[in-house]
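Below are the chains, spelled out letter by letter.
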Amino acid sequence: MNLLILNPNTSEAMTASIAQAARAVASAGTTITAVQPAFGPRSIEGHYDETIAAAGVAETVRLHGAGMDAVVIACFGDPGLDAAREALEVPVLGVAEAAFHAASFVATGFSVVTTMTRTCVTAEHLLQRYGLASRCRGVHGTDIPVLALEDGGAACVDLIEAAAREALARDRSGAIVLGCAGMAGLCATLSARLGVPVIDGVAAAVRFAEALVGLGLRTSKQGDYARPLPKQYVGWAAPLGW
Ligand code: 2AL
């Protein structure tokens with residue numbers, strides 16, 4: 001199957017590390033294409049960044065969605081997820097959504113360890129939206145900037161490990177969700193060090209996407225995920241209208 005991994009930020013280095021993590025877990029028959037928007041913030045660390053990035057996601061699925069069997073939006077705020085589902089018929093998964101579900105399969109309660117503390121509220125809002133807030137026992141910022149995770153983030157691993165240990169104890173959690181797609185390459189190291197399930201949403205989303213395609217499931221076109229209504233878009237967004 002053809003799987004599009006869409007990094008909503010515009011860091012080429014992060015797109016490359018996300019693609020590497022995705023290919024490491026993908027099944028033999030899965031071809032990964034990793035892309036990023038042509039415009040938008042280098043990293044997504046707040047509501048403003050996320051709003052601009054969501055428009056980049058919308059444009060990128062229009063440009064690269066054809067011929068794909070599934071799409072993964074690889075930023076922990078899942079920007080543009082519902083818009084991408086409207087625009088496409090194939091399954092579209094967000095990495096936060098995938099990670100929360102994976103964690104719920106292996107622990108009664110999990111903690112999220114993320115980047116900037118200001119992004120914690122984004123994860124909390126998503127947990128509410130996905131109906132999984134009762135399974136999350138805490139969302140913790142490390143104040144590691146997203147771009148510090150470029151090139152694998154090896155320098156950050158000790159900080160993330162320390163935050164995860166504190167979260168496991170304080171929250172009485174059984175698993176850790178990594179709260180940034182840029183942490184994907186650290187999952188194996190942190191799993192080995194922490195001795196509990198550590199969930200990287202990129203890996204979880206790749207495997208869930210394969211499962212959905214294997215089940216023959218597609219995005220419902222009944223109701224709100226129907227194609228966007230045709231209308232004129234103006235200004236720089238003119239090519240994005242249907
Ligand atoms: C993210 C992410 O996954 N990519 C990005 O640019 N920002 N999320 C986060 N919590 O920092």
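(A) Expanded view of the sheet that holds strand β5 (residues 110–114). Strand order in this open sheet of four strands is β6-β5-β7-β8, and the pairing throughout is parallel. Of all the strands in the sheet, just β6 (136–141) and β8 (198–200) have a single pairing partner and so form its edges. On average, each strand axis in the sheet is tilted by 25° relative to the strand beside it, whichever way the strands run. Where β5 and strand β7 (residues 175–179) come together, five bridges link them in parallel fashion. What sits directly across from S111, in β7, is I176. Contacts between helix α7 (residues 187–194) and the sheet are confined to β7 and β8, with β8 contributing the most and set at about 170° to the helix.

(B) Representation of the side chain of E97 within the structure. Among the secondary structure elements, E97 is positioned in helix α4 (residues 95–106). For E97, a relative accessible area of 15% gives the class buried. Aside from chain neighbours lying at most four places away, what touches E97 is D78, L81, R85 and Y130.

(C) Examining the nonpolar core more closely. Residues F100 and I160 are the most contacted members of the largest nonpolar core, which totals 75 residues. Sorting elements by how many residues they give to this core places α4 first, with seven residues. Non-local contacts of I160, meaning those with residues more than four positions away in its chain, are made with V113, I144, L149, L178, M183, L186 and L190.

(D) Spatial organisation of the site of the ligand. Near the ligand, the surroundings consist of N9, S43, I44, C75, F76, T114, T115, T119, V146, G179, C180 and A181. A distance of 2.8 Å separates an oxygen atom of the ligand from a polar atom in the backbone of A181. Contact with the protein chains covers 96% of the free accessible surface of the ligand, which is 290 Å². Split by residue class, the shell around the ligand holds six nonpolar, six polar and no charged.

(E) Representation of the packing of helix α6 (residues 157–171) against α7 in the model. Remark: α6 packs on α7, axes separated minimally by 11 Å, with the N-to-C direction vectors making an angle of 45°. Classed by the angle they form, the pair α6 and α7 counts as oblique. The chirality of how α6 crosses α7 is right-handed. Residues V157, D158, I160, E161, A164, R165 and L168 of α6 form the contact with α7, whose own contacting residues are T189, L190, R193 and L194. Per-class residue counts for the contact of α6 with α7 are six nonpolar, one polar and four charged.

(F) Region of interest: the pattern of salt bridges. Under the counting rule described, the total for this entry stands at 10 salt bridges. A salt bridge links E166 to R170; its shortest N-O distance comes to 2.8 Å. Of the two residues, E166 and R170 are both situated in helix α6; the distance of four residues between them amounts to about one turn of the helix. Given the relative accessible area of 45%, E166 is considered partly exposed. Between E210 and R207 there is a salt bridge; the shortest N-O distance is 3.5 Å. One end of the pair is E210 and the other is R207, both in helix α8 (residues 201–214) and three residues apart, which spans about a single turn. Residue R207 is classed as partly exposed on the basis of its relative accessible area of 46%. A network of salt bridges, in which partner residues are shared, links D158, E161, R165 and R193.

What counts and how
Residues numbered from 1 in each chain as written. Predicted model: local features only at pLDDT ≥ 70, side-chain atom pairs only at ≥ 80, totals over all residues. Heavy atoms only, no water. Pairing = 2+ DSSP bridges. Helix = DSSP H or I, 4+ residues; strand = E, 2+ residues; numbered from the N terminus. Axes fitted to C-alpha atoms, helices over the stretch in contact; angles between N-to-C directions. Contact = heavy atoms within 4.5 Å. Buried < 20%, exposed > 50% of the residue type's maximum accessible area, 1.4 Å probe, protein only. Core = buried A, V, L, I, M, F, W, Y, C linked by side-chain atoms within 4.5 Å. Near = heavy atom within 4 Å. Polar contact = N/O pair within 3.5 Å; in protein donor to acceptor, adjacent residues only side chain to side chain. Areas by Shrake-Rupley, 256 points an atom, 1.4 Å probe, with all protein chains shown as cover. Nonpolar A, V, L, I, M, F, W, Y, C, P; charged D, E, K, R; others polar. Parallel < 35°, antiparallel > 145°, perpendicular 65-115°, else oblique. Left-handed = near helix turned anticlockwise from the far one by under 90°. Salt bridge = Lys/Arg side-chain N within 4 Å of Asp/Glu carboxyl O.

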